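Chain by chain, the residues:
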Amino acid sequence: MATMLSTEEAKSFLKSKRYLLSTPNVVSLGFSNEKLDGGKKGRGKIFRVGVIKKLKQDNINHPDIFIPKFFEHAVTGSDKKVAIPVKVVEEGEIVATVTGACKRENEGVRPLKGGSLIRNAGLNFRGCLGANAQYTGAYRLLRAAHVLTKFDRNYIGQQIQVLDGSQWVDIGATITDQVDVALYDSSTVPDPVRAKQDLAWANITHDQGSPTIIDI
């Protein structure tokens, strides 16, 4: 039967099923509006579970769990319960795809362009510069915090370096701040605080960084 859920009720249901993402085979959760029973019962909300690979019930081993064809949901503020149909979709393993990687022929050129290979002078870790742009009222170099600080505030204030030929050289700017995230020792922490941004930045001048982004 068609399942009618308000936006808030759908959010509540999704929150209650976050635990599925802690299992190795599940990679995504969401709702889709689809035909029910081949279209005989109209359209309705279906809970969509994305998995790396569909498994037969006999082949499911801990910590993976069996996903039923329906989930029962108690409607907030009432005694009513609804059966929400489930659709398991094989999506494959999610990986990051990079076309090319940082352009070494542009590294070391001033002003520094988005896409250049940079690092924190105090970390043996490097990555492509995201962009130089206006951010929260100032002109800043913007890059993922997992590259510039590894989410550790002890690395704020360190010099940012660019690869110039075979040498790492300072760009004349230090890491100013980052968006803090909650880190956990376990992937099974109940109701974790989920990160919305992976971002660190440095206050720079246009002479130090160009708003241009090179091909990456």
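Above: the structure in question.
The model shown is predicted, which means the values in this text are computed figures rather than measured ones.

Thresholds, definitions, all that
Residues numbered from 1 in each chain as written. Predicted model: local features only at pLDDT ≥ 70, side-chain atom pairs only at ≥ 80, totals over all residues. Heavy atoms only, no water. Buried < 20%, exposed > 50% of the residue type's maximum accessible area, 1.4 Å probe, protein only. Helix = DSSP H or I, 4+ residues; strand = E, 2+ residues; numbered from the N terminus. Pairing = 2+ DSSP bridges. Phe/Tyr/Trp six-rings, centres within 6.5 Å; stacked < 30°, edge-to-face > 60°. Axes fitted to C-alpha atoms, helices over the stretch in contact; angles between N-to-C directions. Contact = heavy atoms within 4.5 Å. Polar contact = N/O pair within 3.5 Å; in protein donor to acceptor, adjacent residues only side chain to side chain.

## Observations regarding the pairing of strand 6 (residues 117-120)
In strand 6, alternate side chains face the same way, and those of L117 and R119 on one face and I118 and N120 on the other are all buried. Of the strand pairs in this sheet, strand 6 and strand 7 (residues 126-128) are connected by three bridges, and their pairing is antiparallel. By the bridge assignment for strand 7, I118 is matched with G127. Between strand 6 and strand 7, which pair antiparallel one after the other, the connecting turn spans five residues. Here strand 6 pairs with strand 10 (residues 159-164) via three bridges, running antiparallel. Note on strand 10: the bridge partner recorded for N120 is I160.

## Quick notes on the packing of aromatic side chains
Here the structure, examined in full by the defined rule, presents six aromatic pairs. Between F13 and F47, the ring centres sit 4.9 Å apart and the planes meet at 90 degrees, which makes this aromatic pair edge-to-face. Of this pair, F13 sits in helix 1 (residues 7-16) while F47 sits in strand 2 (residues 43-51); the two residues are 34 residues apart in sequence, bridging distant segments of the chain. Summarising the burial analysis for this pair, F13 and F47 share the class buried. Aromatic pair F47 and F71: ring centres 5.9 Å apart, planes at 70 degrees, arrangement edge-to-face.

## Focus on the sheet that holds strand 11 (residues 167-174)
Pairing within the open sheet is antiparallel, and its four strands lie in the order 7-6-10-11. The open sheet terminates on both sides in strands that have one partner only, identified here as strand 7 and strand 11. Here the average twist between neighbouring strands, direction ignored, is 35 degrees.

## Comments concerning the environment of Q178
Along the chain, the position of Q178 falls in strand 12 (residues 177-178). In this structure the C-alpha to C-alpha distance between Q178 and A202, which are 24 residues apart in sequence, comes to 9.1 Å. In this view, Q178 contacts A145, T149, F151, D152, R153, I156, L199, A200 and W201; residues no more than four positions away in its chain are not counted. Among the polar contacts made by the side chain of Q178, one reaches the side chain of T149 at a distance of 2.5 Å. Among the polar contacts made by the side chain of Q178, one reaches the side chain of D180 at a distance of 3.0 Å.

Nothing here speaks to function; it is geometry throughout.
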